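Understanding the architecture of this molecule
In case you want the letters, here they are:
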Amino acid sequence: MGDTERRFVEIGNPLESGTLVGPLIHDAAYKVMQNTLEAVTDEGGSLVIGGRRRLEDEAPQAFYAEPAIVRIDRQTDIVRRETFAPILYVMPYDNLDEAIALNNDVPQGLSSSIFTNDQSEAERFVSAEGSDCGISNVNIGTSGAEIGGAFGGEKQTGGGRESGSDAWRSYMRRATNTINYSGQLPLAQGVDFTI
């Protein structure tokens, strides 16, 4: 199969319709991606597809990279690290308990996702026994921060709970205040104490 036939997403100018992958932010980000791919293969992982630089002739100052899929049989320090590059790690698991444990065994906790047709698996993943991320998705990819959602972050991502849209409420004391400017003393529910 030819190289162009194996491309699975459109890489290019993110302002153009149909483009799914834009460039990395700079050369250093591309080098971090390459170093990560090298380190994960040293740890026993195998690069299934991707990871190469693209559009170098057309845009020599930009750092377009193919998204990479890496198969690895165990959780490692490299896999746990947030690389900020298009790398997907694929790991086998035997049951949902093991999959949830792998999901939660990272220092980050912004967003997570499960793909399943089993309703009990979906409900377990979004429950307190499931994903420990601030955002848990079912049958849709991870989304990053949800502006307006009742979430700020978990563990080392998202700025913590205090960055969430509802964080101000923890600093407030709810109260109901009523002010009567009439000069009379009305009683609740129209009660009349005539003496």
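For the structure itself, consult the block above.
The following paragraphs examine the structure supplied in this document. (Residues numbered from 1 in each chain as written. Predicted model: local features only at pLDDT ≥ 70, side-chain atom pairs only at ≥ 80, totals over all residues. Heavy atoms only, no water.)

1. Some remarks on the overall build of the protein
Under the convention used in this document: Secondary structure elements follow DSSP: runs of H or I of four or more residues count as helices, runs of E of two or more count as strands, with numbering from the N terminus. Classification of residues uses two cut-offs on accessible area relative to the type maximum, computed with a 1.4 Å probe and protein chains only: under 20% is buried, over 50% is exposed, and between them is partly exposed. Whether two residues are in contact is decided by their heavy atoms, any of which lying within 4.5 Å being enough. Computed with the Shrake-Rupley method and a 1.4 Å probe, the accessible areas treat only the protein chains shown as cover for residues.
Along its length, the protein carries 5 helices and 7 strands. Traced from its N-terminal end to its C-terminal end, the protein shows the element sequence α-α-β-β-β-β-α-β-α-β-α-β. Evaluated residue by residue, the protein yields a buried proportion of 30% over its 195 residues. Within the protein, contacts between residues separated by at least 24 positions form 48% of all contacts whose residues are at least 6 apart in sequence. Of the roughly 13,600 Å² of accessible surface on the protein, a fraction of 51% belongs to carbon and sulfur atoms.

2. Points about the pairing of strand 6 (residues 111–114)
The test is simple: Pairing between two strands is assigned when DSSP locates at least 2 bridges connecting them. A crossover counts as right-handed when, viewed with the strands pointing away from the observer, the path leading from the first strand over the helix to the second turns clockwise.
As paired strands, strand 6 and strand 7 (residues 135–138) are joined by 4 bridges and run parallel to one another. Residue pairing for strand 7: isoleucine 114 is matched across the bridge by valine 138. Handedness of the crossover joining strand 6 and strand 7 through helix 5 (residues 119–126): right-handed.

3. Some points on unusual backbone geometry
The phi angle at phenylalanine 84 is positive, at roughly 55°, despite the residue not being glycine. Summarising the element assignment, phenylalanine 84 is placed in the loop between helix 3 (77–80) and strand 5 (87–90). Given the relative accessible area of 65%, phenylalanine 84 is considered exposed. Backbone geometry places asparagine 139, a non-glycine residue, at a positive phi of 60°. The class for asparagine 139 is partly exposed, based on a relative accessible area of 41%.

4. Notes on the sheet that holds strand 1 (residues 46–49)
Selection criterion: Interaxial angles span 0 to 180 degrees and are taken between N-to-C directions of axes, which are lines fitted to C-alpha atoms, for helices over the stretch in contact.
Strands sit in the order 1-4-5 across an open sheet of 3 strands; the sheet is mixed. The outermost strands of the open sheet, each flanked by one partner alone, are strand 1 and strand 5. Taking each pair of neighbouring strands and ignoring which way they run, the sheet shows an average axis angle of 30°. The sheet contact formed by strand 1 and strand 4 (residues 68–71) spans 3 bridges and is antiparallel. Its bridge partner being in strand 4, isoleucine 49 is matched across the sheet by isoleucine 69. Where helix 2 (residues 27–42) meets the sheet, its contacts fall on strand 1, strand 4 and strand 5, and the angle it forms with strand 5 comes to roughly 15°.

5. Details of the side chain of glutamine 108
Applied cut-off: Two N or O atoms count as a polar contact when they lie within 3.5 Å, although within protein this holds only if one can serve as hydrogen donor and the other as acceptor, and sequence-adjacent residues are included solely when both atoms are side-chain atoms.
For glutamine 108, the location among the structural elements is in the loop between helix 4 (96–104) and strand 6. Residue class for glutamine 108 comes out buried when judged on its relative accessible area of 15%. Engagement of the side chain of glutamine 108 in a polar contact is seen with the backbone oxygen of arginine 80, the distance being 3.1 Å.

6. Some points on the pattern of salt bridges
Basically, it comes down to this: Throughout this description, the term salt bridge denotes a Lys or Arg side-chain nitrogen within 4 Å of a carboxyl oxygen of Asp or Glu.
This structure, assessed with the given rule, holds 9 salt bridges. A salt bridge links arginine 52 to glutamate 66; the shortest N-O distance between them is 3.2 Å. Here arginine 52 is found in the loop between strand 1 and strand 2 (53–54), whereas its partner glutamate 66 is found in the loop between strand 3 (64–65) and strand 4, with 14 residues between them in sequence. For glutamate 66, a relative accessible area of 6% translates into the label buried. Three or more residues joined by partner-sharing salt bridges are found here, namely Arg52, Arg54 and Glu66.

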